[in-house]
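Residues per chain, in single letters:
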Amino acid sequence: MRTVIATSFTPTLDSGRARRTHGIVRALADLGPIDLVYGAFGADQPDRAFAEIEGLTMHRVERPGALGRLPAYARARLRRVPDDFARGIWPGVARRTAELSTDPGTRVVAEGPVAAAALLGLASRREAIYDAHNLESTFRHRLDDAGMSQSDLERFERLLLNTFSENWMVSPADMEGAAALAPEARLRLVPNVVDVAAIEPVPPRTDERKVLFVADLTYEPNRGALRFLLEEAMPALWERAADVELVVAGKGSAEVEAGDPRVRPTGFVPDLRDVYLGAGCVAVPLLEGGGSPLKFVEALAYRVPVAATPRAAAGLEVRAGEHYVEGGTEGDSFAAALLAALDPAQGNPLALAGRELAEREYSIEALGRRLAS
């Protein structure tokens, strides 16, 4: 089957959102040719990983001026699309998607809420899929988005869920939330995946004394997780094990100012294998947010022990004590989880089971099997 995918961003690999898009495109490319329509925003050029996908054709849509965006913005606001999403709509994305999908047998996928808002008109006329990156109304109203009340977000998401013929949700928790929000909506579980086959797992841990935190720090839930680590969990851990270091990697990490020499920011690292290789465990201390954290899945794929909060694990089919060590949302509790994960006798069996889970449920191949059914 041929697929046309619309996204509001230049396709890259520098965020969880972008990596989800890449996983979806990779999996669908094994099922037929793909046209990827993208708004030229966020990066100058697509990541070369997209150019290497066989059967993929990319269509760049340039950003129009304010007057050019105004009609689409006005239509979106009349549909009560929240301002933050309406301002991101480029009419050219919807127009090019419609041109490429005149054949009724073509599958149309809107990547994320902005692209879905842009394609509302098209989705009301023909079958189309909304790929939700998160259930936004479960947490986004608590962030720094002015005017983003929970009721506004719920109304918007209900509109998307009821308009699109199918909705791809990231996690079982998001499936439940979407079903409660729009009981008649058609939902499918489409989890975040990584290219597990391309990730060579690290050797079993011996006594590496580094905690690794990898995240896109432009995303507020990730910044909150880092604050928790720096202000509560690591100080509690250092009272018991003063030699442990914290390595902070990912987009925005170069600006981290910790005030402790044991905190080592790396900045954005294109190839993370070396930082995983040096890590004794990976910390995923999310306190809020939706979906499923890709860095959790990536750590499983690298076969590194993981310490995570219940919130971080909620979006994945993982079990505490089998695939990861669970830590609470108090500093002492999460510090204890980190120490347990750093212990090779405890951490290595969990990491081995985690790698097996990643291969089975969170690989490109596993996603392809889901989407083919």
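Only a predicted model underlies this, so the values are computations on that prediction, with no experimental measurement involved.

Structural notes on the pairing of strand β4 (residues 107–111)
Then step 1. By the criterion of burial, β4 is predominantly enclosed, with five of the five residues buried.
Then step 2. Where burial is concerned, the two faces of β4 agree: the one with R107, V109 and E111 and the one with V108 and A110 are both buried.
Then step 3. Where strand β1 (residues 3–7) lies against β4, five bridges are found, and the strand directions are parallel. Across the sheet, V4 pairs through a bridge with V108, a residue of β4.

Considerations on the sheet that holds β1
Then step 1. Pairing is parallel across the open sheet formed by seven strands, whose spatial order is β3-β2-β1-β4-β5-β6-β7. Each end of this open sheet is capped by a strand with a single partner; those strands are β3 (56–61) and β7 (187–189). Here the average twist between neighbouring strands, direction ignored, is 20 degrees.
Then step 2. Sheet topology places β4 next to strand β5 (residues 129–131); three bridges connect them, and they run parallel.

Brief notes about helix α12 (residues 294–302)
Residue pairs three or four apart in sequence face the same way in an α-helix, which turns once every 3.6 residues.
Then step 1. Of all nine residues in α12, nine are buried, a share of seventy percent or more.
Then step 2. Where α12 is concerned, the buried positions are L294, K295, F296, V297, E298, A299, L300, A301 and Y302.
Then step 3. Immediately beyond the C-terminal end of α12, within one or two residues, lies R303, with a positive phi of roughly 65 degrees.

A few points about the packing of aromatic side chains
Then step 1. Tallying each qualifying case throughout the model produces seven aromatic pairs.
Then step 2. Note on F9 and F41: the rings are 5.9 Å apart at their centroids and 50 degrees apart in plane angle, and the pair reads as tilted. Here F9 is found in the loop between β1 and α1 (16–29), whereas its partner F41 is found in the loop between β2 (34–39) and α2 (48–51), with 32 residues between them in sequence.
Then step 3. Using a relative accessible area of 41% as the deciding quantity, one classes F41 as partly exposed.
Then step 4. Between Y130 and F164, the aromatic rings sit 5.9 Å apart at their centres with planes inclined by 45 degrees, giving tilted as the arrangement. With Y130 in strand β5 and F164 in the loop between α8 (150–163) and β6 (166–169), the pair connects residues that are 34 residues apart, well separated along the chain. Residue Y130 shares its accessibility class with F164, and that shared class is buried.
Then step 5. Here the basic side chain of R262 rests over the ring of W238, its NZ or CZ set 4.1 Å away from the ring centre.

Each value, and the rule that gives it
Residues numbered from 1 in each chain as written. Predicted model: local features only at pLDDT ≥ 70, side-chain atom pairs only at ≥ 80, totals over all residues. Heavy atoms only, no water. Buried < 20%, exposed > 50% of the residue type's maximum accessible area, 1.4 Å probe, protein only. Helix = DSSP H or I, 4+ residues; strand = E, 2+ residues; numbered from the N terminus. Pairing = 2+ DSSP bridges. Axes fitted to C-alpha atoms, helices over the stretch in contact; angles between N-to-C directions. Phe/Tyr/Trp six-rings, centres within 6.5 Å; stacked < 30°, edge-to-face > 60°. Lys NZ or Arg CZ within 6 Å of the ring centre and 35° of its normal.

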